[in-house]
Amino acid sequence: MKAIPILNVYYLLCYAWGHAQERDTKRLATLDGLSSVHDLLGKVLATGVNRLFRRGIDRGYVERREDLAGIRGKLAVSDTAKRALRARCRAACDLEELSADILPNRILRTSLGHLLARETGLHRGVRAEVRSAYSRLDGISHLRLKRSTFGQVQLGGSRRLYQFLLSVCRLLHESSIVDEKTGRSSFRDFRRDEATMWRLFEQFVTGFYEREQREYRVNPTGRRIRWAERDWATDADRQRIPIMEADVILESAERRIILDTKYYTSALSGWGGGPGKLHSPNLYQLLAYLRNREATRPDGPKHEGILLYPQVETEFRVDVRLEGFRIQARTVDLNQRWQDICDEMLGTIAV
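One structure accompanies this document, and this report is about it. (Residues numbered from 1 in each chain as written. Predicted model: local features only at pLDDT ≥ 70, side-chain atom pairs only at ≥ 80, totals over all residues. Heavy atoms only, no water.)

1. Comments concerning the nonpolar core
Then, number 1: Counting residues in each nonpolar core, the largest one holds 71 residues, and the members touching the most others are L108 and F204.
Then, number 2: Look past the residues within four positions of L108 in its chain and what remains in contact with it is L45, V49, L52, L137, Y162, L165, L166 and C169.
Then, number 3: M244, L287, L290 and F316 belong to the second-largest nonpolar core, a separate cluster that totals 19 residues. (Core = buried A, V, L, I, M, F, W, Y, C linked by side-chain atoms within 4.5 Å. Buried < 20%, exposed > 50% of the residue type's maximum accessible area, 1.4 Å probe, protein only. Contact = heavy atoms within 4.5 Å.)

Below you can see the structure in the form of structure tokens.
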């Protein structure tokens, strides 16, 4: 599969992470000359941090302990006694102060620091921007980033820019490769990682349809699909049955579509020079979704299914009826102009 152009990668990220309003012409012009994804993420992260400072960086109450002549805040009785502070007319006190040294900002500064220290060099201009943003966060603590760190962040609904930038940090972290001998890290181009791109493609498709069309409600009752027959003998049996969860469900008064995204280096299987065939598990899975959702939600238009793949070599379109359900398989070319990608995406769900 050809590497997706950097500008299109940025579009994918914006839609996937609910930040499509960031696609303004001025910002896109500064990204067009970049050639690597770590340059892209570095520039996006540095630019975003500068924007945070212009509008006001988040602060929160951070607890610290001080030895004071009087008592302020909460008295740390055990520590005061253990260190015999009373003999010196002092007391250990736990104080809360409003500080910028909070977890989201620590993640931002640590990620910027990792970018500056990577083996793979950043573009000179991007490096300068990253260093400037890193300096603006002076006084913010570093931390040891782990996958679980990102799950500890709590942000309100109005912190969309923070959510976007922390998603960038997470992608940088997940794409890092650490040399066990030297301890130094380098960056793996996530465009070549099928699992990462599959997840990103799914999130992009959901975000795109939420923003760019008004005919369908997107996942109006969630993505979970109930099994039509649920006669479990025991709780242990029930726990062994997998959950059915579609990628995207689109509903209108006229249509109900279950859309499943796939991301393969080869969208079709086949051998011997014959026509390629859809991957059997993809088709069987989609049929299971259609059967069970039709059975558990019979009121409304007949369900139909779409398998959506990124275009690898040639465009293909399949439109068949199986077991009474209309099923389509479509490709979208992520290497073309973005407006053409938009047209293909909207055409996929057109009647």
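Next comes the rest of the description.
2. Things to note about the pattern of salt bridges
Then, number 1: The full count for this structure, using the stated rule, is 28 salt bridges.
Then, number 2: Here R159 ties to D58 by a salt bridge, and the two come within 2.7 Å at their closest N and O atoms. In this pair, R159 sits in the loop between α7 (147–151) and α8 (160–174) while D58 sits in the loop between α3 (37–55) and β1 (60–68), placing the two residues 101 residues apart along the sequence.
Then, number 3: Here R159 falls in the partly exposed class, since its relative accessible area comes to 29%.
Then, number 4: Its relative accessible area of 15% is what places D58 among the buried residues.
Then, number 5: A salt bridge links E323 to R291, with the shortest nitrogen-to-oxygen separation between them at 2.7 Å. A residue pair is termed long-range when its members are at least 10 positions apart, and E323 in the loop between β14 (317–322) and β15 (325–332) and R291 in helix α11 (residues 280–296) qualify at 32 residues.
Then, number 6: R291 sits in the partly exposed class, given a relative accessible area of 39%. (Salt bridge = Lys/Arg side-chain N within 4 Å of Asp/Glu carboxyl O. Helix = DSSP H or I, 4+ residues; strand = E, 2+ residues; numbered from the N terminus.)

Worth remembering: the numbers are spatial, not functional.
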